[in-house]
Amino acid sequence: MAGSWEIIIFCGTLVLGLMAGWVMHRSDFCLASAFRDLFLFRSAFMLRQIVLAVLVGMVLFEALRLCGLIAELPFPMMGPASWTHLLGGILFGCGMVLAGGCVFGTLYKAGSGSATGLTAIGGIVLGCLVYGWIHPWWQPLRERLTWSLSWDIPGALGASALLFKAITAVFLLVMVLYWSQRGTMHREAHAQGYLQPRHAALALGAIGALSVLLVGMPLGLTTAYTKVGAWLVTLAVPHPAQMPDYFSAVAMDYRTLLGGVPLTGGPTPHWDGISLVQYPLILGVFFGSALSAQRLGEWHFRWRLPANQYFLALTGGVMMGLASRLAPGCNVWHVLGGLPILAIGSILFTTGLFPGAWFGARLLNRLLG
Amino acid sequence: MSQELQFDLRGQICPSTLLTALREVNRHRKDLRQGSVRLTIHTDNRDSTATIPEAVRNMGYRVLVEKKDGHYLLHIDFPVEDQGAGA
């Protein structure tokens, strides 16, 4: 029977998801477009918003750490940098462009009635479960490609984390203020109930910090998708012994600071700590977006679409799912979770998103243009 | 009297709305600039209600956005005073 803190975590994460889903729908805030539009339309507008979100996360995470409200860094399931972060970022960047949205983007779009968003989610689950068979040879490779440096930039340089983050935050703040002054952080909008992306960036940065406060981790979803994939495998595989070993791995094992709740879990088909934290987040984002769309009279399910768009969504989703296991981690986990704490692995993943998105944009132009 | 060309892009994967709008504006630029054609894009993609006007206005066209039946209509034409000035 769930203790009261487990119920608080479940409900709290659900509320965070509802808020995030609502905000992302109102603003149409998708990280995929930030990288894609740079190459497809020569627009850096959304990338500027991402910089703001990273800045907010950096300041809030550091404030939490200094107040003793973060048990330890890096966050659970974040480790030392590996070249697989870069490779995963490249594959993920291409996939999210083809799918029409990243892991969170496809989820909130699905919530507002997008058939291709739903298709992409199916692809993500498929990509995650396929990794189960790749894991035995990928894991040793990942270990060989792991950097021997500290997990973060200040640690690698032997510098004070606080001082390094303060300097970085000031630099990012100057950039944001400069863009604000030039008017390039604002977009003329016509959609009803539109939320300016810079306000969404502030909100998402704050929601990420609340997630860290509540469960000790930033926002992330893909391990939960892998659990769904693992469950699907149990339906197809006659004996549990035939399940790939990956689906019984333990990915995290820690206690939350608030409530001291033990959170253990991994890509297994069973209910565990990952389920407690990520399933309500998935439900929250989906229904938060659905509620936002419904309130505006904009919820519609339209499925009569060109077949190539379903193909793109599915293919892009599979690429994202696979990349999220290869790296490991997804774009929101690394960009909004790892970058603010200057995790080198997240910097490598984010760097990989650029060439990946560039390649995806070229493919997209050929297939949709 | 100009002809209105309608494009129903509701439900389509992102960013096909913007890509299609730009393609059709370029395809019909001669007729748009002569005032013989107006384009209307039907979309439920909220982002495109900002990105399409931004892009198309930079190309010299006029855009009016209206909401109808739970989705958005983007009416694109060329300012009357600039019509017939050449493609």
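For the structure, check the block above.
Residues numbered from 1 in each chain as written. Chains lettered and ligands numbered in written order. Predicted model: local features only at pLDDT ≥ 70, side-chain atom pairs only at ≥ 80, totals over all residues.

Caption draft 1: Quick look at the overall build of chain A. Each helix and strand counted, chain A has 14 helices and two strands in total. Computed over the C-alpha atoms, the radius of gyration of chain A is 19 Å, within 12% of the 21 Å expected from 2.2 N^0.38 for a compact globule of 369 residues. Its C-alpha atoms give chain A principal-axis dimensions of about 60 × 55 × 40 Å. The proportion of buried residues among the 369 residues of chain A is 55%. Long-range pairs, those at least 24 residues apart, make up 82% of the contacts in chain A with a sequence separation of at least 6. (Helix = DSSP H or I, 4+ residues; strand = E, 2+ residues; numbered from the N terminus. Rg over C-alpha atoms; globule rule 2.2 N^0.38 Å. Buried ≥ 20, exposed ≤ 12 C-beta atoms within 10 Å, placed from the backbone. Contact = placed C-beta atoms within 7 Å.)

Caption draft 2: Spotlight on the overall build of chain B. Helix and strand counts for chain B come out as three helices and four strands. Its helices and strands in sequence order give chain B the pattern β-α-α-β-α-β-β, from N to C terminus. Taken over the C-alpha trace, chain B has a radius of gyration of 12 Å; the compact-globule value for 87 residues is 12 Å, and the two agree within 12%. In terms of overall dimensions, chain B has a C-alpha envelope of 35 × 20 × 15 Å along the principal axes.

Caption draft 3: Summary view of the pairing of strand β2 (residues 262–265) of chain A. Residue and element names in this part refer to chain A. Of the two faces of β2, only one is covered, namely that formed by Leu 263 and Gly 265; the face formed by Pro 262 and Thr 264 stays uncovered. Bridge analysis of strand β1 (residues 252–255) against β2 gives four bridges, and the strand direction is antiparallel. When the bridges of β2 are listed, Arg 255 appears paired with Pro 262. What sits between the antiparallel neighbours β1 and β2 is a turn of six residues, in which Gly 259 has the positive phi angle 85 degrees. (Pairing = 2+ DSSP bridges.)

Caption draft 4: A look at the sheet that holds strand β3 (residues 62–68) of chain B. All names here are of chain B. If you trace the four strands from one edge of the open sheet to the other, you get β1-β2-β4-β3, paired in mixed fashion. Every other strand in the sheet has two partners, leaving β1 (3–8) and β3 as the edge strands with one partner each. With direction set aside, neighbouring strand axes in the sheet form an average angle of 20 degrees. Helix-sheet contacts for helix α3 (residues 48–58) involve β2 (37–43), β3 and β4 (71–77), and the interaxial angle to β3 is about 165 degrees. (Axes fitted to C-alpha atoms, helices over the stretch in contact; angles between N-to-C directions.)

Caption draft 5: Spotlight on the packing of helix α1 (residues 4–27) of chain A against helix α9 (residues 197–215) of chain A. All names here are of chain A. Between α1 and α9, the shortest axis-to-axis distance is 10 Å and the interhelical angle comes to 170 degrees. If you check the angle between α1 and α9, you find them roughly antiparallel. Of α9, the residues touching α1 (which contributes Ile 9, Gly 12, Thr 13, Leu 16, Met 19, Ala 20, Val 23, Met 24 and Ser 27) are Pro 197, Ala 200, Ala 203, Leu 204, Ile 207, Leu 210, Ser 211, Leu 214 and Val 215. For the contact of α1 with α9, the per-class residue count stands at 14 nonpolar, four polar and no charged. (Parallel < 35°, antiparallel > 145°, perpendicular 65-115°, else oblique. Nonpolar A, V, L, I, M, F, W, Y, C, P; charged D, E, K, R; others polar.)

Caption draft 6: The arrangement of the interface of chain A and chain B in detail. The interface is formed by 23 residues belonging to chain A together with 21 residues belonging to chain B. At the level of secondary structure, the elements contributing two or more residues to the side of chain A that touches chain B comprise α2 (31–40), α6 (115–144) and α12 (307–326) of chain A. The biggest single contributor to the side of chain A that touches chain B is α12 of chain A, with three residues. For the side of chain A that touches chain B, the residue count by class is eight nonpolar, ten polar and five charged.

Caption draft 7: Spatial organisation of helix α11 (residues 273–295) of chain A. With 23 residues, α11 of chain A extends 33 Å between its outermost C-alpha atoms, agreeing within 8% with the 33 Å of an ideal straight helix rising 1.5 Å per residue. Two residues or fewer after α11 of chain A comes Gly 297 of chain A, characterised by a positive phi angle close to 70 degrees. (Expected span 1.5 Å × (residues − 1).)

Caption draft 8: Looking closely at the pairing of β3 of chain B. All names here are of chain B. Bridging between β3 and β4 involves seven bridges; their strand directions are antiparallel. Considered in β4, the bridge of Val 65 is made with Leu 74. In this structure, the hairpin formed by β3 and β4 is closed by a connection of two residues, where Asp 69 is found at a positive phi of approximately 50 degrees.

Caption draft 9: Quick peek at the environment of Trp 333 of chain A. Residue and element names in this part refer to chain A. Mapped onto the secondary structure, Trp 333 falls in helix α13 (residues 331–338). Residue Trp 333 is classed as buried on the basis of its C-beta count, with 26 C-beta atoms lying within 10 Å. A C-alpha to C-alpha distance of 17 Å links Trp 333 and Trp 83, two positions 250 residues apart in sequence. If we ignore the near neighbours within four places in the chain, the residues touching Trp 333 are Pro 218, Gly 220 and Gly 338.

Caption draft 10: Region of interest: the environment of Ser 27 of chain A. Residue and element names in this part refer to chain A. Its place among the elements puts Ser 27 in helix α1. Note: C-alpha distance between Ser 27 and Pro 197 (170 residues apart in sequence) is 5.5 Å. Those residues in contact with Ser 27 that sit more than four places away from it in its chain are Leu 195, Gln 196, Pro 197 and Ala 200.

Caption draft 11: Geometry of unusual backbone geometry. Residue and element names in this part refer to chain A. Along the chain, Leu 73 connects to Pro 74 via a cis peptide bond; the corresponding omega equals 5 degrees. By the element assignment, Pro 74 lies in the loop between α3 (45–66) and α4 (83–99). Omega for the bond connecting Ala 327 with Pro 328 falls within 30 degrees of zero, at -5 degrees, which places this linkage in the cis form. Residue placement: Pro 328 occurs in the loop between α12 and α13. Of note, Asp 28 is a non-glycine position whose phi angle comes to about 50 degrees, a positive value. Under the C-beta neighbour-count criterion, Asp 28 is labelled buried, with 27 such atoms within 10 Å.

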